[in-house]
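Spelled out from the first residue to the last, the chains are:
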Amino acid sequence: MKFLQLKIPPLLLTGLTALLMLLPVMLRTGHISGWHGLRSPLLVITLALFFAGAVFCLAGVASFRRARTTVNPMRPQQASTLVQTGVYRLSRNPMYTGFVLLLGALAMVLGNYLSALCIPLFISYMNHFQIEAEEKALSELFGDEYRAYCQRVRRWL
């Protein structure tokens, strides 16, 4: 299964997962339904997930830009700097964490348990085919500094 490593850009995978999440709703109702079923507490949680996801994603990209290192997840070996500040103090993968939060918000909007089951599949795919390959490349590039960072900061949250 190594042939899948670093093959699907994470943003594209997030979009594909979102489409997959829509499928059970479309099959059941014939259209995309959602927001109308959200009551005040659920709406607050949904909006919190959405905004937290967006902040994590944007903060991750901004940290990479400030460090002048590659944002391209398909080529982790091109990283010029090991970013450990900002949102990278909370998560080694804040952009991916942000994607999961955004998918969680979508699951809340859809209100469908089958749709929500796509999120663990997304996480599993990311762990095995994206993050492990990135970690290997970063370990080779930054050695003990990266391994120490991995000891201090969790992969997701």
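Residues numbered from 1 in each chain as written. Predicted model: local features only at pLDDT ≥ 70, side-chain atom pairs only at ≥ 80, totals over all residues. Heavy atoms only, no water.

Student: How should I be thinking about the pattern of salt bridges in this particular structure?
Tutor: When the charged atoms of two side chains with opposite charge come close together, those side chains can pair. Inspection of the entire model under this criterion finds four salt bridges. Two residues, R155 and E135, come together in a salt bridge whose shortest N-O distance is 2.6 Å. Here the residue R155 occupies a position in the segment after α5 (118–152), and E135 occupies one in helix α5, the gap between them amounting to 20 residues. Judged by its relative accessible area of 15%, E135 falls in the buried class. What emerges from the salt-bridge pattern is a single network uniting R92, E135 and R155. (Salt bridge = Lys/Arg side-chain N within 4 Å of Asp/Glu carboxyl O. Helix = DSSP H or I, 4+ residues; strand = E, 2+ residues; numbered from the N terminus. Buried < 20%, exposed > 50% of the residue type's maximum accessible area, 1.4 Å probe, protein only.)

Student: When you look at helix α2 (residues 40–67) in this model, what are you seeing that I'm missing?
Tutor: Over its 28 residues, α2 runs 40 Å from end to end, which matches the ideal 40 Å to within 8%, given 1.5 Å per residue. Every buried residue of α2 is accounted for by T46, G53, F56, C57, G60, S63 and F64. In this structure, the buried residues of α2 make contact with α3 (94–110). Residue R68 follows α2 closely and has a positive phi angle near 55 degrees. (Expected span 1.5 Å × (residues − 1). Contact = heavy atoms within 4.5 Å.)

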